[in-house]
Amino acid sequence: MEPGLLQKEKTTLLKKVRLLYVILFFLSAAVITLGVYILNDKGLLQIDINRSSAGLPHKEEVYKIINHLRYSGIQMFSNKDVYLTLDFEKGLWTLHNIHKFDDKGELVLNEGKYGTCGELAAYAADKLGPVFRDDYKIDFLMASQSGYFLAPRASHIVLRITSRSNGRQVYILDPSFRRYGAFEDFDDYLFFKELSQLNFMESKVSDIAQQFNTAIPLLIRGEYLLGFVVEHANKQFDRENFVMALTLNKKYNYSGRYLFALRYAEGDTQVFENKRLALETLSEKEWNTLKEKIAELFKEQLDNTH
């Protein structure tokens, strides 16, 4: 073949290769764009341009306040001033002297860091109020959370932080789990009620009241949620039939197990305990402290009965 003809064919081939690269480039770009559109449309891909460019508001100040907080109600539950009353007519049990307030009416956490969701949320809101006041509004949301606080039996309290200048900029702060992020990042939460203030903070009430057979949480540790409950016994609704128990629920599970229970039924007292399981979650000291407190509350009720 003549050199000139060979060179011409080589040039033509190179042009075809370059054209093929260009076509492949645009096809790849089209596939990526279509993929992003489909994922975003299905809710599988969330892109928040404002957040990625601006970041979380007052992030350093938020974590400075919440990093030392710990979700635990053992300290307040076991306090010597805490006592229990049972109202069988209304179907309520009440723990008294749970919440503590200082002379200014401000909430006091046990050892400055322990509380359950309501206490931790109220504490964080109070401390962060001056930080966010000018640019953001802080209020409370009641929510179910897919891990430990499952709907419809349990509720959890978090903070909602909303920009005053742009209502679409909404952030969630959960002090219990020390978690802070944009609203759309909390898709494992179901928000069902908003509150400008928590009742116990507004009225400075120190008590917690619950319906019979409804537990209050005391501790989240690892895969488990520990709680305390007062229940009916023998399907009876009177002072002669009740149970006080320490319960343990595994993450994502509705039903739990007794760790320690004291049952009074028709004049007979029964005791149940599962120390082996308890010590998988609690320390020996925590286990003994909780047992002693429940036994004390139980004895006080028996004394009132007789």
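Computed from a predicted model, the values in this text were never measured in an experiment.

### Side note on the environment of E223
Working step 1: With respect to the helices and strands, the residue E223 is situated in the loop between β11 (216–221) and β12 (224–232).
Working step 2: The spacing of E223 and K251 is 28 residues in sequence and 5.2 Å in space, taken between C-alpha atoms.
Working step 3: Residue contacts for E223: discarding those within four places in its chain leaves Y148, N249, K250 and K251.

### Re the sheet that holds strand β5 (residues 136–145)
The strands that make up a sheet are held in pairs by hydrogen bonds between backbone atoms, and each pair lies either parallel or antiparallel.
Working step 1: Spatial ordering of the open sheet is given by β8-β7-β6-β5-β9, a layout of five strands whose pairing is antiparallel. Sheet topology places β8 (179–182) and β9 (189–195) at the edges, where each strand pairs with a single neighbour. Averaged over neighbouring strand pairs, the angle between their axes works out to 30 degrees when direction is ignored.
Working step 2: Pairing analysis gives four bridges linking strand β7 (residues 170–174) to β8, with the strands arranged antiparallel. Bridging from a neighbouring strand, I172 pairs with G181 of β8.
Working step 3: Together, β7 and β8 form the strand contacts of helix α3 (residues 59–66), whose direction differs from that of β8 by roughly 155 degrees.

### Here's the deal with empty space enclosed by the protein
Rolled over the atoms, a probe sized like a water molecule indicates the empty space that remains.
Working step 1: Applying the stated criterion across every chain yields a total of one cavity of 30 Å³ or more.
Working step 2: Space inside the largest cavity adds up to approximately 40 Å³.
Working step 3: Every residue lining the largest cavity is listed: M76, I98, H99, K100, L107, V108, L109, N110, Y114 and E119.
Working step 4: Across the lining of the largest cavity, the residue classes break down as six nonpolar, two polar and two charged.

### Re the packing of aromatic side chains
Working step 1: Here the structure, examined in full by the defined rule, presents 15 aromatic pairs.
Working step 2: Their ring planes at 90 degrees and their centres at 5.6 Å tell us that F132 and Y136 sit as a pair that is edge-to-face. Summarising the burial analysis for this pair, F132 and Y136 share the class buried.
Working step 3: Ring geometry for Y136 and Y171: centres 6.4 Å apart, planes at 70 degrees, overall edge-to-face. With Y136 in strand β5 and Y171 in strand β7, this pair connects stretches of sequence that are 35 residues apart. One exposure class covers both Y136 and Y171, and it is buried.

### Quick word on α3
Working step 1: Among the residues making up α3, those that are buried are V62, I65 and I66. Seen end-on, α3 carries its buried residues on one side only, within an arc spanning 90 degrees. Turned more than 90 degrees from where α3 packs its buried face, E60 and K64 sit exposed.
Working step 2: Buried residues along α3 sit in contact with α5 (117–132), β7 and β8.

Rules of the game
Residues numbered from 1 in each chain as written. Predicted model: local features only at pLDDT ≥ 70, side-chain atom pairs only at ≥ 80, totals over all residues. Heavy atoms only, no water. Helix = DSSP H or I, 4+ residues; strand = E, 2+ residues; numbered from the N terminus. Contact = heavy atoms within 4.5 Å. Pairing = 2+ DSSP bridges. Axes fitted to C-alpha atoms, helices over the stretch in contact; angles between N-to-C directions. 1 Å grid on protein atoms, 1.4 Å probe; cavity = no way out; pocket = protein on both sides within 12 Å on 5 of 7 lines; lining within 4 Å. Points joined across faces, edges and corners; volume = space filled by probe spheres on them. Nonpolar A, V, L, I, M, F, W, Y, C, P; charged D, E, K, R; others polar. Phe/Tyr/Trp six-rings, centres within 6.5 Å; stacked < 30°, edge-to-face > 60°. Buried < 20%, exposed > 50% of the residue type's maximum accessible area, 1.4 Å probe, protein only. Arc of directions from axis to C-beta.

Purely geometric numbers; function is a separate question.
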